[in-house]
Amino acid sequence: MALTVFSLFFFFLSFTFHLPSGFSAPWNQCLIYASIDGYPCVRLMNLSGTIGCSNPGRDKVVAPIVRFENVDRIAEPSAVLVSLDEFPTLFTRISDDSSFASKVGGVLVEPSTDFQKKLKGFSPDQKFPQAQFALYHNTSYEWNPIGSGIMWKSYNFPVFLLTESGSKTLQEFVTKNEDTKKSYTSNVAEFDLVMQTVKSGTHDSESCLKEETCLPLGGYSVWSSLPPINISSLQRSKPILLTVASMDSASFFRDKSLGADSPISGLIALLAAVDALSHLDGLGDLSKQLVFAVFTGEAWGYLGSRRFLVELDMHSDAVHGLNQTLIETVIEIGSVGKGLSQGVKNFFAHTKGDSSATNQTVAALKRAQESLISENIKIASASASNPGIPPSSLMSFLEKNPAISGVVLEDFDSVFVNKFYHSHLDDLSNVNSSAVVAAASLIARTLYMLASETEDVQNSTLAAINVNVSLVEQLLGCLLDCDPGLSCELVKKYISPMSTCPSHYVGVILDEPSSAPYAGYINDVPRFIWNFLADRTSIPRENNISDCQHGCNGRDEVCVKAETDGKGVCVLSTTRYVPAYSTRLKFESGVWNVLPPNSSDKMGVVDPVWTESNWNTIGMRVYTVQNAAYDRLVLFGGITLTVFAYLAIATARAFFNKAMKRD
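Residues numbered from 1 in each chain as written. Predicted model: local features only at pLDDT ≥ 70, side-chain atom pairs only at ≥ 80, totals over all residues. Heavy atoms only, no water.

**Overview of the overall build of the protein**
And step 1. The secondary structure content of the protein amounts to 19 helices and 25 strands.
And step 2. Out of the 663 residues belonging to the protein, those deemed buried represent 53%.
And step 3. Counted over contacts in the protein with a minimum sequence separation of 6, partners at least 24 positions apart contribute 80%.
And step 4. For the protein, the accessible area works out to roughly 29300 Å², and carbon and sulfur atoms hold 52% of it. (Helix = DSSP H or I, 4+ residues; strand = E, 2+ residues; numbered from the N terminus. Buried < 20%, exposed > 50% of the residue type's maximum accessible area, 1.4 Å probe, protein only. Contact = heavy atoms within 4.5 Å. Areas by Shrake-Rupley, 256 points an atom, 1.4 Å probe, with all protein chains shown as cover.)

**Section: the environment of Pro502**
And step 1. Tracing the backbone shows Pro502 in the loop between α15 (489-492) and α16 (524-536).
And step 2. Since its relative accessible area comes to 6%, Pro502 is described here as buried.
And step 3. Among residues more than four places away in sequence, those in contact with Pro502 are Leu258, Cys478, Leu479, Leu480, Asp481, Cys482, Gly485 and Leu486.

**Let's talk about empty space enclosed by the protein**
And step 1. By the definition in use, this model includes two cavities of 30 Å³ or more.
And step 2. Of the pockets and cavities examined, the largest cavity occupies roughly 260 Å³.
And step 3. Ser246, Pro263, Pro391, Ser392 and Tyr421 are the residues nearest the centre of the largest cavity, which is lined by 20 residues in total.
And step 4. Of all elements in the fold, only α8 (260-278) and β15 (327-333) reach the threshold of two or more residues within the lining of the largest cavity.
And step 5. Space inside the second largest cavity adds up to approximately 130 Å³.
And step 6. Contributing to the lining of the second largest cavity are 14 residues, with Val42, Leu44, Ser251, Phe252 and Trp300 lying nearest its centre.
And step 7. Taken together, the residues of the lining of the second largest cavity sort by class into ten nonpolar, three polar and one charged.
And step 8. Counting the residues that make up the lining of the second largest cavity, at least three belong to each of domain 1 (30-203 + 618-626) and domain 2 (218-538 + 573-581). (1 Å grid on protein atoms, 1.4 Å probe; cavity = no way out; pocket = protein on both sides within 12 Å on 5 of 7 lines; lining within 4 Å. Points joined across faces, edges and corners; volume = space filled by probe spheres on them. Nonpolar A, V, L, I, M, F, W, Y, C, P; charged D, E, K, R; others polar. Domains from an automatic or database assignment.)

**A closer look at α8**
And step 1. A rise of 1.5 Å per residue sets the reference length of α8, with its 19 residues, at 27 Å; its end C-alpha atoms lie 25 Å apart and thus fit the reference within 8%.
And step 2. Where burial is concerned, most of α8 is hidden: 18 out of the 19 residues are buried. (Expected span 1.5 Å × (residues − 1).)

**What to know about the pattern of salt bridges**
And step 1. Inspection of every chain in the model, using the stated rule, returns 14 salt bridges.
And step 2. Note that Asp275 and Arg536 form a salt bridge whose closest N and O atoms lie 2.7 Å from each other. Placement of the pair is Asp275 in helix α8 and Arg536 in helix α16, with a sequence separation of 261 residues.
And step 3. Assessed through its relative accessible area of 18%, Arg536 is described here as buried.
And step 4. With a shortest N-O distance of 2.7 Å, Glu563 and Arg527 are connected by a salt bridge. Residue Glu563 is found in helix α17 (residues 562-565), and its partner Arg527 is found in helix α16; the two are separated by 36 residues along the sequence.
And step 5. The exposure class of Arg527 is buried, given its relative accessible area of 2%. (Salt bridge = Lys/Arg side-chain N within 4 Å of Asp/Glu carboxyl O.)

**Considerations on the pairing of strand β22 (residues 585-588)**
And step 1. Direction of pairing for β22 relative to strand β23 (residues 591-594): antiparallel, over a ladder of four bridges. Bridging from a neighbouring strand, Glu588 pairs with Val591 of β23. (Pairing = 2+ DSSP bridges.)

**A look at the sheet that holds strand β21 (residues 575-580)**
And step 1. The strand order across the open sheet built from eight strands is β17-β16-β18-β15-β13-β14-β12-β21, with neighbouring strands paired in mixed fashion. Looking at the sheet topology across the chains shown, the edges are occupied by β17 (377-381) and β21. Averaged over all neighbouring strand pairs, the angle between strand axes comes to 20°, with direction disregarded.
And step 2. As judged from the four bridges shared by strand β16 (residues 345-351) and strand β18 (residues 405-410), these two strands associate in the antiparallel manner. Residue pairing for β18: Phe348 is matched across the bridge by Glu410.
And step 3. Those strands touched by helix α9 (residues 303-314) are β12 (219-226), β13 (240-246), β14 (289-295), β15 and β21, and its axis lies near 110° from that of β21.
And step 4. The sheet contacts of helix α10 (residues 356-371) involve β15, β16, β17 and β18, and relative to β18 the element is tilted by about 35°. (Axes fitted to C-alpha atoms, helices over the stretch in contact; angles between N-to-C directions.)

**Examining the pairing of β14**
Remark: a regular strand shows side chains that alternate across the two faces of the sheet.
And step 1. Most of β14 is tucked away, with seven of its seven residues classed as buried.
And step 2. Because side chains alternate across β14, one face comprises the buried residues Gln289, Val291, Ala293 and Phe295, and the other comprises Leu290, Phe292 and Val294, equally buried.
And step 3. Pairing geometry for β12 and β14, over five bridges, is antiparallel. Looking at the pairing, Val222 lines up with Val294 of β14.
And step 4. Where β13 meets β14, seven bridges bridge the pair, whose relative direction is parallel. The residue bridging Val244 from the neighbouring strand is Ala293, located in β14.

**Digging into the sheet that holds strand β24 (residues 611-613)**
And step 1. As summarised here, the arrangement of the five strands in space is β8-β4-β3-β24-β11, forming an open sheet in which the pairing is mixed. At either margin of the open sheet sits one strand with a lone partner, and together these are β8 (154-155) and β11 (214-216).
And step 2. One ladder, built from two bridges, connects strand β4 (residues 49-53) with β8; its direction is parallel. Bridge assignment links Gly52 to a residue of β8, and that residue is Ser154.

**Comments concerning the side chain of Asp411**
And step 1. Examined against the element boundaries, Asp411 turns out to sit in the loop between β18 and α12 (433-452).
And step 2. Among buried Asp, Glu, Lys and Arg side chains, Asp411 stands out as unpaired, with Lys338 the closest opposite charge at 7.1 Å.
And step 3. Among the polar contacts listed, one links the side chain of Asp411 to the backbone nitrogen of Lys338, at a separation of 3.0 Å.
And step 4. With residues near it in sequence (within four places) discarded, Asp411 still touches Asp261, Ser335, Val336, Gly337, Lys338, Gly339, Asn346, Phe347, Phe348 and Val417. (Lys, Arg positive; Asp, Glu negative; His and termini not counted. Polar contact = N/O pair within 3.5 Å; in protein donor to acceptor, adjacent residues only side chain to side chain.)

**Quick word on the state of the cysteines**
And step 1. All chains considered together, the criterion is met by six disulfides.
And step 2. One disulfide in the model links Cys41 with Cys53; its S-S distance is 2.1 Å. The disulfide joining Cys41 to Cys53 has a torsion of about 85° about its S-S bond and is therefore right-handed. Residue Cys41 is located in the loop between β2 (38-40) and β3 (43-46), and its partner Cys53 is located in strand β4; the two are separated by twelve residues in the primary sequence. (Disulfide = S-S within 2.5 Å.)

Below is the structure:
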């Protein structure tokens, strides 16, 4: 009996300390954590609910990593590793199959180079972006036929787009662990994407603003005039030609919103046109005033253009010098980076109505095209079969004043030619610099003709308006790439950027809106645009004191380049920041309040009031863990070993006691 018990005891002892290679003891294992870089999809709110991504609760998500092709075999929520080409398929299935969605604990999206050439297109936006703001009834029209709408849905799991380095780290980790894989371990991803709105249960904009777990989407738009407006002049103000573009885009991933074609190509064309016009003499003698505005927040309910019009109504300091009633024509530069086909630069003028001012603008565009005949540019009126103007800032102006003359210059006619609209794939490779130069040339010459009000502007005069091709190339590299990105010489000439890689996500309003905001609360891109426009539209000062150490003398002066040397330069320029945020919001006593809808503001009535959740940290890492089955096996073995050890000891004691009595 004693021999049998001791044999069993040593058998289980041997089993525990001499497991086969597939079951080596956990205390001999070194768990290595690898941090993974990526771009997160974050939680956004509006008045009716949520969109975007977040951990489902207050804790980090830990889920085993499984490739998308193996996803049907999983039985527990897992982190799905998916390639870029399968990403749309995955999210379509998640949206259509709730039982499948319950198995998704997180998503890791692998990047891919030259992916645009392989894919027919990918747009997470709707087929009619921001249709609720349209000025016509046909909101089922598909401007963006490839749009899937997945970015407007809510996902209770984290999603990250891996960077190139993050993907490499993950692949090395997975490969290394697969080579030495033990049957009781698995590779897991740990996601830290806990949104404060999820923790606090504030699941719409009104409740989260009240509890201060979110902030409104918004930022600062910029406007400038060429030449500067003499605010103190007693002369009658001139009619205004307002040229506008947008500086913000959107995507499924917050910090990967480049928007190269839509809308940054139009922004770059505007900046290049301003530069070209700034070299001309006699601009002050023109019959009309040139004003340029670059709006932010346009991808989220036309925040910038709508707020700009409200500021004009209030005659605020942010728009001092502008008179809304003097705005005669609005020319918008939309997506122009893909206006190139077989060597021809093609553009389309989208208009509303048939006013004389609108016809004049279209005629000036065609005259500008004729003056650039060697550049092989073609401009055509958009098809009459279109339901109206495409999604654009012009909608805000027409809703405010239906009689205003307006033209939107685009690289498409009836449907977007940009197959990656509001996608992280709308990057530098998706635009053509010669198309941007052509659009800038058209706009610059058109504006001069319209502002001069001369029926026959000399060809020699138009020929003097030349766009700086190298400037366009510089702007493309600065605003649409990480190399050189915002660390390029052009940007660093004006500001000290907070980051190198540009992102054109609108961001959030951090403090009380102001016409003279603290520079630390303004994103890199609007700060650069403000300084660039202030510099290019400025005229020399009369006195020789130029630095800003003691401030600038008059209200007509602004300080440019202050970030670069701490001193800056005072120049005469009418360049201003304009807050951009929902017209349904008001900042009072340090808190944002949602205002009731105003029936006279049709766009305000349908304004979703977008907000972004606060968070503490965002990140993810991968590591190896033991399977629960192995833990249970070890526990069962330990209990069994303890029981047999107790029996062995009890049996041994009885045996020795019996032997001692015999002695």
